[in-house]
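Remarks on the overall topology
Next come the chains, spelled out residue by residue.
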Amino acid sequence: MRIKIIPEGREKEMSNVGVNTERLVKTFCELVRTDSTSGNERQMADLIKKKLEEMGYRPEEDNAGETIGGNAGNVIVKVPGNTDAPPLLFMAHMDTVEPGKGKTPVISGDIIKSDGTTVLGGDDLAGCACILEAINVLNEQKVPHGDVYAVFSIAEETGLCGAKALDVFRVPAKYAFVLDEGGPIGTVAVKAPYHNKIRFIVRGKAAHAGVCPEEGINAVRAAARAVASLPFMGRIDEESTCNIGRIKGGRATNIVPDEVVLDGELRSISEEKLEKYTNEWVKSFRNSVEAEKALVEIEVKREYGGYSISEDHPIMGLLKKATAVLNLPLLPVKTGGGSDTNVLNTKGIPAVNLSVGMTNVHGTNEQISVSDMTRATELILEIIKQMPARNRKMNKI
């Protein structure tokens, strides 16, 4: 059992809504110790299914892994309701980024972190642990609720692949809450960007670099001129960003390079702005490359759609009630990152991204607090409780 614990007198805790903090921490650490890098979630999927089966539920696994070449699919479970309240969906992703093999959780008081050699995997194993604990509490406390669905998705970190492959007809939810955001508990991402991936393939002409370089057309030079001439890079405005993140080309120092491939992206909360900025990039890049007498092929792909949830949307009303009961501030934010939330909204399920308190994600200094995970679990339960039944008489159990 790979876990380092630095005791600081923290006693066994039970929250005032029945969250078993000791069990929550144990579950989280067990998930952390289980390797689940993107595309290799088999062990994690089996562990989560086992835990759900031990609670008396019948989790299923879809074929999302087959569609992306992974070794596991999304894990889906229905927690049958005892009222006719509309169904809700809670979602978190099982995969973690590298370095993510052999993770060892270290507990110091209220803080859980890695041993410094890997990421912790709180992104998003904290979300998974909170959902599992909430399901446990629903079962133990006999909480009145409508149908509750949980989805533990795969390959979120490599392009939201599991969510994209998810058949939403299997989770007919009124609203969805994705547990995959940072910040204080009560933080909710209500706006997230549309995202275009872009690839430039610059083609020049090969020639011997020492004998007849003038007969060649240098694709590196053309690509460099094109990148340097782009009208913007990095932050474009308060809603939009862009980046060239990868460049590959050339075959040898004695050959005038005849091909360079550049991969980049543009994001904006405004779809109109995204299309405008993408077109400006394409036009500028093409003009610069052609000025060097080279050619360019340009591929633009919509990676995922954006979303914007208004303050008066019913899902926000539900959140306001839940956070008020828990005396939590509701903190709506916009984010520049994408998540499974983007895909759910695109597929027609109104969704927001809730914080589980993750900090320094994707780094070996990643950490999370036990108290934040406890509060996040309490929020899940309160959201479920606040979802009104259509027929109030059915609330009796």
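Quick caveat, the model's predicted, so the values are computed rather than measured.

Here we come to the overall build of the chain. Looking only at helices and strands, one finds 10 helices and 18 strands in the chain. Taken over the C-alpha atoms alone, the chain extends approximately 85 × 45 × 35 Å along its principal axes. A total of 397 residues make up the chain; the buried ones form 54% of that total. Look at the contacts in the chain between residues 6 or more apart in sequence, and 79% of them connect residues 24 or more apart. By element, 49% of the accessible surface of the chain is carried by carbon and sulfur atoms, the whole surface being about 17500 Å². Between the centroid of the 49 positive side chains of the chain and the centroid of its 54 negative side chains there is a distance of 2 Å.

Pairing is possible between side chains of opposite charge, provided their charged atoms come close. Going through the model one piece at a time under the given rule, you end up with 25 salt bridges. Residues R42 and E61 are paired through a salt bridge, measuring 2.7 Å at the closest nitrogen-oxygen approach. Taken together, the residues R42 in helix α2 (residues 42-54) and E61 in strand β2 (residues 60-61) connect sequence positions 19 residues apart. Residue R42 is classed as partly exposed on the basis of its relative accessible area, which comes to 25%. Relative accessible area serves as the criterion here: at 25%, E61 is assigned to the partly exposed category. Across the salt bridge formed by K273 and E239, the nearest N and O atoms sit 3.0 Å from each other. Separated by 34 residues along the polypeptide, K273 in helix α7 (residues 271-291) and E239 in the loop between β11 (234-237) and β12 (240-249) bring together distant segments of the chain. A relative accessible area of 27% means that K273 is categorised as partly exposed. Put simply, R42, D46, K49 and E61 are held in one network by salt bridges that share partners.

Another aspect to go through is unusual backbone geometry. In this structure, P99 follows E98 across a cis peptide bond, with omega equal to -5°. With respect to the helices and strands, P99 occurs in the loop between β4 (88-93) and β5 (105-108). Omega for the peptide link from D123 to D124 comes to 10°, which places this bond in the cis form. With respect to the helices and strands, the residue D124 is situated in helix α4 (residues 122-141). Unusually for a residue other than glycine, N360 sits at a positive phi of about 55°.

Its location among the elements puts S114 in strand β6 (residues 111-114). Of the polar contacts made by the side chain of S114, one reaches the backbone nitrogen of G116; its length is 3.1 Å. Leaving out residues up to four positions away in the same chain, S114 has contacts with T104, V106, V119, L120, T364 and E366.

The next point concerns the pairing of strand β17 (residues 351-358). Most of β17 is tucked away, with eight of its eight residues classed as buried. Bridge count for strand β8 (residues 175-182) against β17 is six bridges, and the pairing is parallel. Looking across to β17, one finds that E181 is bridged to S355. Sheet topology note: the strand β9 (residues 187-192)/β17 ladder contains two bridges and is antiparallel. Among the inter-strand pairings, V188 is bridged to a residue of β17, identified as L354.

Mean pLDDT over the chain stands at 94; residues scoring 70 or higher make up 94%. Low pLDDT (under 50) marks residues 1-12, which in the prediction has 29 contacts with non-local residues, meaning those over four places away or in another chain. Scored below 50 in pLDDT, residues 393-397 makes nine contacts in the model with residues more than four places away or belonging to other chains.

Our next topic: helix α8 (residues 314-325). Taking 1.5 Å per residue as the helical rise, α8 with its 12 residues ought to reach 16 Å, and the 17 Å between its terminal C-alpha atoms agrees with that figure. Buried residues along α8 sit in contact with β4, β8, β9, β16 (331-334), β17 and α10 (370-386).

Residues F28, I48, F90, F152, F177 and I383 are the most contacted members of the largest nonpolar core, which totals 76 residues. The greatest single-element share of this core, amounting to 11 residues, is contributed by α4. Contact partners of I383, with chain neighbours within four places excluded, come to L88, F90, F177, L318, L319, A322 and L354. Counting 23 residues, the second largest nonpolar core, distinct from the first, contains A223, A226, L274 and A294.

Now for the packing of α2 against α4. Between α2 and α4, the least distance of the axes is 11 Å, while the angle of their chain directions is 15°. Considering the angle they form, α2 stands roughly parallel to α4. Of the two possible hands of crossing, α2 and α4 adopt the one that is right-handed. Facing α2, whose interface residues are M44, I48, K51 and L52, α4 presents L125, C128, L132 and I135. Of the residues that constitute the contact of α2 with α4, the class distribution is seven nonpolar, no polar and one charged.

Across the sheet, five strands lie side by side as β11-β12-β13-β10-β14; this open sheet has antiparallel pairing. Each edge of the sheet is formed by a strand with only one pairing partner; in this case those strands are β11 and β14 (295-304). Strand after strand, the sheet turns through a mean of 20° between neighbouring axes, direction not considered. Note: strand β10 (residues 194-203) against β14, nine bridges, orientation antiparallel. Within the sheet, the bridge partner assigned to N196 lies in β14 and is R302. Each of β10 and β13 (259-268) is contacted by helix α6 (residues 219-229), which is oriented at about 20° to β13, the strand it contacts most. Across the sheet, α7 touches β10, β11, β12, β13 and β14, and the angle it forms with β10 is around 10°.

About the thresholds
Residues numbered from 1 in each chain as written. Predicted model: local features only at pLDDT ≥ 70, side-chain atom pairs only at ≥ 80, totals over all residues. Heavy atoms only, no water. Helix = DSSP H or I, 4+ residues; strand = E, 2+ residues; numbered from the N terminus. Buried < 20%, exposed > 50% of the residue type's maximum accessible area, 1.4 Å probe, protein only. Contact = heavy atoms within 4.5 Å. Areas by Shrake-Rupley, 256 points an atom, 1.4 Å probe, with all protein chains shown as cover. Lys, Arg positive; Asp, Glu negative; His and termini not counted. Charge placed at Lys NZ, Arg CZ, Asp CG, Glu CD. Salt bridge = Lys/Arg side-chain N within 4 Å of Asp/Glu carboxyl O. Polar contact = N/O pair within 3.5 Å; in protein donor to acceptor, adjacent residues only side chain to side chain. Pairing = 2+ DSSP bridges. pLDDT = per-residue confidence, 0-100. Expected span 1.5 Å × (residues − 1). Core = buried A, V, L, I, M, F, W, Y, C linked by side-chain atoms within 4.5 Å. Axes fitted to C-alpha atoms, helices over the stretch in contact; angles between N-to-C directions. Parallel < 35°, antiparallel > 145°, perpendicular 65-115°, else oblique. Left-handed = near helix turned anticlockwise from the far one by under 90°. Nonpolar A, V, L, I, M, F, W, Y, C, P; charged D, E, K, R; others polar.

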